[in-house]
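# Report on the structure
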Amino acid sequence: MPDLICKRILLKLSGEALMGQGDYGIDPAVIARTAGEIGDLVRAGVQVGLVIGGGNIFRGAGLARSGIDRVSGDHMGMLATVMNSLAMQDALNRIGIAARAMSALRMDQVCESYVQRNALEYLEQGRVVILAAGTGNPYFTTDSAASLRAIELGVHLLIKATKVDGVYAADPVTHPDAEFYPQLSYDRVLAEDLKVMDLTAIALCRDYDMPLRVMNINHSGALMRLMKGENIGSLVGKGD
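I will try to describe carefully the structure that is included in this document. Please read these numbers as outputs of a predicted model, since none were measured by experiment.

Relative orientation of the contacting elements helix α1 (residues 28–43) and helix α3 (residues 70–94) amounts to 60 degrees, with a least axis distance of 9 Å. Taken as axis vectors, α1 and α3 run oblique relative to one another. Between α1 and α3 the crossing geometry is right-handed. Within the contact between the two elements, α1 uses I31, T34, A35, I38 and G39 and α3 uses A87, M88, A91 and L92. Class assignment for the residues of the contact of α1 with α3 results in 7 nonpolar, 2 polar and no charged.

Attention now goes to the pairing of strand β6 (residues 157–162). With respect to burial, β6 is a largely interior element, 6 of its 6 residues being buried. Residues L157, I159 and A161 line one face of β6 and the alternating positions L158, K160 and T162 line the opposite face, and both faces are buried. Bridge analysis of strand β1 (residues 8–13) against β6 gives 5 bridges, and the strand direction is parallel. For K12, the partnering residue across the bridge sits in β6 and is K160. Pairing between β6 and strand β10 (residues 212–216): 5 bridges, direction parallel.

Here we take up the nonpolar core. One finds M88, V128 and M227 to be the most contacted residues of the largest nonpolar core, which totals 42 residues. Where this core is concerned, the elements lending two or more residues are β1, α1, β2 (47–52), α3, β3 (99–103), β5 (128–132), β6 and α8 (222–227). Those residues in contact with M227 that lie beyond four places of it in its chain are D3, L4, I5, C6, I9, L41, V46, L157 and I159. M102, L123, A146 and V189 belong to the second-largest nonpolar core, a separate cluster that totals 29 residues.

All right, on to helix α4 (residues 116–124) then. Every buried residue of α4 is accounted for by A119, Y122 and L123. The arc that holds every buried residue of α4, seen down its axis, measures 100 degrees, which confines them to one face. Count one or two residues on from α4 and you reach G126, which has phi positive near 90 degrees.

Here we take up the pairing of strand β11 (residues 234–237). Every regular strand shows the same layout, with side chains that alternate between the two sheet faces. Where strand β9 (residues 183–185) meets β11, 3 bridges bridge the pair, whose relative direction is parallel. Note that in β11 the partner of L184 across the bridge is V236. In this structure, β10 lies alongside β11, joined through 3 bridges in antiparallel fashion. For L212, the partnering residue across the bridge sits in β11 and is V236.

Mapped onto the secondary structure, E124 falls in helix α4. Owing to a relative accessible area of 49%, E124 belongs among the partly exposed residues under this scheme. It is 7.1 Å that separates the C-alpha atoms of E124 and Q47, two residues lying 77 residues apart in sequence. Excluding its chain neighbours within four sequence positions, the residues that come into contact with E124 are K7, R8 and Q47.

Conventions adopted
- Residues numbered from 1 in each chain as written.
- Predicted model: local features only at pLDDT ≥ 70, side-chain atom pairs only at ≥ 80, totals over all residues.
- Heavy atoms only, no water.
- Axes fitted to C-alpha atoms, helices over the stretch in contact; angles between N-to-C directions.
- Helix = DSSP H or I, 4+ residues; strand = E, 2+ residues; numbered from the N terminus.
- Parallel < 35°, antiparallel > 145°, perpendicular 65-115°, else oblique.
- Left-handed = near helix turned anticlockwise from the far one by under 90°.
- Contact = heavy atoms within 4.5 Å.
- Nonpolar A, V, L, I, M, F, W, Y, C, P; charged D, E, K, R; others polar.
- Buried < 20%, exposed > 50% of the residue type's maximum accessible area, 1.4 Å probe, protein only.
- Pairing = 2+ DSSP bridges.
- Core = buried A, V, L, I, M, F, W, Y, C linked by side-chain atoms within 4.5 Å.
- Arc of directions from axis to C-beta.

Purely geometric numbers; function is a separate question.
Next up, the structure:
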């Protein structure tokens, strides 16, 4: 479709976004709705890569604070992202959208190992590529994995899907009067420690000039409106 602003995107979705109103796990209605919106993009001609966190099941850093070895905790968190990725793969397949989960950790009986050239081929074929297990290394978040995979796969836009409408000067939940930033630079995010993504992820985006859009995934149809040029959320780039 000629009116779409991007041919290829990478969507970073938090594990918590799949919980809905629950405290743990995956809400089937939420994952079905999200899969439907991703499916609409694919049918319109957008190539979609997807990274899903694992915080709805396990979060490695939190486990480490409770006394578990950090490397073991991070590996558990990676496995949680694989569970979420398999759930999303199934949700997409059930609505007729071809999807391929690819893991940074070897687990051949569960899903294919991530290989960049294979992922690029799947994107060109119109499959959603779901990138599981982070970078495959402890101490790196799924935010960093999303930035890394976005650069490797040559996407035109990295989208961080959150529960808020974009980037604010402070947490809008606890500071309702916090200033909203419709556009800002990578350097400002880093200097003000705005918690958009972790610092490694933002530095990667800055160093490789990867535009980052932060938006609320809970607004129905927002992804498609963004692809059609509507100014949704906050754009992080070279300048304010």
